[in-house]
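# Fold and geometry: a report
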Amino acid sequence: MADSCAHSSSTPLAQAAGASLNHHLFSVFGLDLIASEGCYESQAWGKSRVIPMTKGLLQVLQKMGANSSSISELPENEYLKKLSGAEPISENDPFWNQLLSFSFTTPTNSAELKLLEEATISVCKSLGTECEDLIEELLCCLIQLIVEIPLLDITYSISLEAVTTLVVFLSCQLFHKEILRESLIHKYLMHGRCLPYTSRLVKTLLYNFIRQERSPPPGTHVFQQQTDGGGLLYGIASGVATGLRTVFTLGGVGSKPTPQLEQCSPLAHQSLLLLLVLANLTDAPDTPNPYRQAIMSFKNTQDSSAFSSSNPHAFQINFNSLYTALCEQQRSDQATLLLYMLLHQNGNVRTYVLARTDIENLVLPILEILYHVEERNSHHVYMALIILLILTEDDGFNRSIHEVILKNITWYAERVLTEISLGSLLILVVIRTIQYNMTRTRDKYLHTNCLAALANMSAQFRSLHQYAAQRIISLFSLLSKKHNKVLEQATQSLRGSLDSNDSPLPDYAQDLNVIEEVIRMMLEIINSCLTNSLHHNPNLVYALLYKRDLFEQFRTHPSFQDIMQNIDLVISFFSSRLEQAGAELSVERVLEIIKQGAVALPKDRLRKDCYTLQCWRAATFGVKNDSCKFPELKFKYVEEEQPEEFFIPYVWSLVYNSAVALYWNPQDIQLFTMDSG
């Protein structure tokens, strides 16, 4: 490691030290500025290099702050001018110690950040332009810093700076509307000297996320004299940690106010952002994204099976620790996105998660995201829904969630839930999301994914809570009323058009078609439950009988006749038994009659293969059923052919909004509109 970062003064790289000290310094307060001006391919490549400091620098760093400088004085600072000049500076030159012996007050808000940007623009523009030969060296050094340095109090800041600098290097995507598929950074990260570090980098970033190490408090960066030398690596770590982090970083100020959680564990937060960025880089023309390959193939440390020779980037990680971190961190978009990626792309993780006996620890935070849908951005809601859809593809999951009994769900405000199964709670939250969408966002793809998750679970509905059963029928009632309203509007509009030739008719036919698709899906969900688990769900039969009049209009409707046969049979069979039992029956007596009737009803009377399933496909989030004629509703999540068109802007919006100690001029952002970011 030391050899790869330090070079003798006789090498070309060492001769360029004067122009390249700004590598790391200006990556903190200048690189994003130059990138935003479209100069990333030429000027910016020499702005973030790990400086080969000597051990003696540690002693100098302890005396930092002897000289001071305000932001307004930075353009005329003689050391910064020399730093950004083209004249080579020896690595042993006293200049380096002098450069790091002044300080200035770090910015604390966007206005001060803007002043810093304006003050350093002249210095940044004077940086050397012929630095491309240093890019690969720089990237390799940064990656080595991340993977080689043990995470200690004295190395925390240098690890954070290395991760942050890589994020900054990749941020040129922010300043392009189109998805970047080729660039110098892509080339060096996916080939050459950086490639062998792929699995170690991904593993380190994951462990940074898992550990959630808090930033060491002020005063813990105490550097003691190394009795045995300590090595150049510790010199770099210690020196840059104190010298650069304290003097040159932006004091934790991001593009927007940083949440407390991210301020407490900035390395974990920044590492996760970098991991998401790397995982969503587009494939190179001649090779797939190695970071995505690493994420797709890593295994549990307890898995002793051999690695596949087809994937050189596979590694092992502690799945129990990863699972715990994923459960605890689901409050953020980026943690939910990571969970989605792992469940969708890594079969080892998906198998492990589905086998957990404490699956409620993961599902409950996801349900809470959906419950507070009005407080979340649409992308976060989509990711939470897709996670549920992926989980419900597994029949074992669909059975087990009804066996998990929860007590006192305090965040569910519509009704006091003192005891309810995880499965019933999941149904309640998904139905609530559908109803919210019907009245607010009216996003048909959100409908699709919600209904697909319910459909996947429907054959395994067990012991539904009475409130969950009521909400299923209430949703159907709401859809029925909406159907009748649109049908009435279409009829009135058609009548009015006979007397007027003014404006074109509203497209009520399309609205009606969408509503009828949703109604049919709900009928199929109810039918699937009755067909496969009637005797397990007396509360659903009770709710069905209580609202039996709702279904009358659909018995003869050409779009629903086939699917209504089983539902009509159940209503008729149990209604007859209740009539025989007499009038004024208590709720308990009705439920008892339903349970007895469920045993008496011959199973072969319910038809399992008479209906044709709807084949839906979402635009961004594909949902498909496994067959167009199948006894069970079964939907599977599939990504579209170019998922990067959605995920890359999403990931970078998360970076822009939440990255610690980074600022980008919002006027220069091209990848996404600021209201969507």
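Residues numbered from 1 in each chain as written. Predicted model: local features only at pLDDT ≥ 70, side-chain atom pairs only at ≥ 80, totals over all residues. Heavy atoms only, no water.

## A word on the confidence of the model for the chain
Just so we agree on the cut-off: pLDDT measures the predictor's confidence residue by residue and takes values from 0 up to 100. The criterion used for residue contact is that any of the two residues' heavy atoms lie within 4.5 Å.
The predicted model of the chain averages 77 in pLDDT, with 74% of residues at 70 or higher. Contacts from residues 1-66, a stretch scored under 50 in pLDDT, to residues over four places away or in other chains number 195 contacts. Here residues 626-630 scores under 50 on pLDDT; set against residues more than four positions off or in separate chains, the count is 10 contacts.

## Re the nonpolar core
Just so we agree on the cut-off: Here, nonpolar core means buried Ala, Val, Leu, Ile, Met, Phe, Trp, Tyr and Cys residues that are tied together by side-chain atoms lying within 4.5 Å of each other. For every residue, the accessible area (1.4 Å probe, protein chains only) is compared with the maximum for its type, and the residue is labelled buried under 20%, exposed over 50%, or partly exposed between those bounds.
Within the largest apolar cluster, 183 residues are counted, with the highest numbers of intra-cluster contacts made by Leu337, Tyr340, Leu425, Ile472, Phe551 and Trp652. Once residues lying within four places of it in the same chain are set aside, the contact partners of Leu425 are Leu364, Leu367, Leu406, Ile409, Trp411, Tyr412, Leu417 and Ile420. Within the second largest apolar cluster, 11 residues are counted, among which are Ile71, Ile89, Phe95 and Leu99.

## Topic: the packing of helix α18 (residues 319-328) against helix α20 (residues 347-355)
The cut-off we apply is this: Only the stretch in contact is used when fitting a helix axis, every axis being a line fitted to C-alpha atoms; angles between N-to-C directions are given from 0 to 180 degrees. Helix and strand labels come from DSSP, where a helix needs a run of H or I of at least four residues and a strand needs a run of E of at least two; each type is numbered from the N terminus. These descriptions rest on fixed angle ranges, namely under 35 degrees for roughly parallel, over 145 for roughly antiparallel, 65 to 115 for roughly perpendicular, and the rest for oblique. The nonpolar class holds Ala, Val, Leu, Ile, Met, Phe, Trp, Tyr, Cys and Pro. Asp, Glu, Lys and Arg form the charged class, and all remaining residues, Gly among them, are polar.
Where α18 contacts α20, the axes come no closer than 11 Å and their chain directions differ by 75°. Compared by their axis directions, α18 and α20 come out roughly perpendicular. Facing Phe319, Asn320 and Tyr323 of α18, the residues of α20 in contact are Asn348, Val349, Tyr352 and Val353. Within the contact of α18 with α20, the residues separate by chemical class into 5 nonpolar, 2 polar and no charged.

## Details of the pattern of salt bridges
Note the following rule: Salt bridge, as used here, is a side-chain nitrogen of Lys or Arg placed within 4 Å of a carboxyl oxygen of Asp or Glu.
This model, assessed by the stated rule, comprises 17 salt bridges. The partner of Arg555 in a salt bridge is Asp568, and the shortest N-O contact between them spans 3.3 Å. In this pair, Arg555 is assigned in the loop between α28 (538-546) and α29 (561-581) and Asp568 in helix α29, connecting sequence segments 13 residues apart. Several salt bridges converge on common partners, so that one network encompasses Arg181, Glu644 and Glu645.

## Here's the deal with the environment of Asn532
Rules: Side-chain atoms alone can form a polar contact between residues adjacent in sequence; in general such a contact is a pair of N or O atoms within 3.5 Å, and within protein one must be able to donate a hydrogen while the other accepts it.
Its location among the elements puts Asn532 in helix α27 (residues 508-533). C-alpha separation for the pair Asn532 and Gln460, spaced 72 residues apart in sequence, amounts to 7.4 Å. Within the structure, Asn532 has its side chain in polar contact with the backbone oxygen of Ser528 (distance 2.8 Å).

## Some points on empty space enclosed by the protein
To keep things clear, this is the line we draw: Within this scheme a cavity is a closed region of a 1 Å grid, computed over the protein atoms alone, that accommodates a 1.4 Å probe without allowing it to escape, whereas a pocket is open but has protein on both sides within 12 Å along at least five of seven lines; lining residues each have an atom within 4 Å of a point. Grid points are joined across faces, edges and corners, and a volume is the space filled by probe spheres set on the points.
Following the criterion strictly, the structure yields 5 cavities of 30 Å³ or more and no others. Partitioning the lining of the largest cavity into residue classes produces 8 nonpolar, 4 polar and no charged.

## Examining unusual backbone geometry
In the Ramachandran plot, Gln212 falls in the positive-phi region, its phi being about 50° despite a non-glycine side chain. Counting through the fold element by element, Gln212 comes out in the loop between α13 (198-211) and α14 (231-248). For Gln212, a relative accessible area of 19% gives the class buried. A positive phi angle, close to 45°, is found at Ser463, a residue other than glycine. Tracing the backbone through its elements, the reader meets Ser463 in the loop between α25 (444-458) and α26 (466-497). Since its relative accessible area comes to 54%, Ser463 is described here as exposed.

## Description of the state of the cysteines
Selection criterion: Any two cysteine sulfur atoms within 2.5 Å of one another count as a disulfide.
Scanning the model with the defined rule gives 0 disulfides in all. This cysteine, Cys140, is not joined by any disulfide, and Cys194 carries the nearest cysteine sulfur, 5.2 Å off.

## Some words on the environment of Phe646
If you trace the backbone, Phe646 turns up in helix α31 (residues 644-658). Between the alpha carbons of Phe646 and Ile179 there is a distance of 10.0 Å; along the sequence they are 467 residues apart.

## Quick look at the packing of aromatic side chains
We apply this condition: Stacked, edge-to-face and tilted are the three classes for Phe, Tyr and Trp ring pairs, Trp counted by its six-membered ring, which pair at centre distances within 6.5 Å; planes under 30 degrees apart are stacked, over 60 edge-to-face, the rest tilted.
Tallied over the full model, the rule gives 18 aromatic pairs. Taking the centre distance of 5.8 Å and the plane angle of 80° together, the rings of Tyr340 and Tyr637 count as edge-to-face. With Tyr340 in helix α19 (residues 333-345) and Tyr637 in strand β8 (residues 635-639), the pair connects residues that are 297 residues apart, well separated along the chain. For the residue pair Tyr340 and Tyr637, the accessibility class agrees, reading buried in each case.

## Points about the side chain of Arg356
Positionally, Arg356 belongs in the loop between α20 and α21 (360-371). Classification of Arg356 by relative accessible area gives buried; the value is 18%. Polar side-chain contacts of Arg356 include one of 2.5 Å to the side chain of Tyr352. Apart from the residues within four sequence positions on either side, Arg356 is in contact with Asn320 and Tyr323.

## Overview of the side chain of Thr531
Here Thr531 lies in helix α27. Among the polar contacts listed, one links the side chain of Thr531 to the backbone oxygen of Asn527, at a separation of 2.7 Å.

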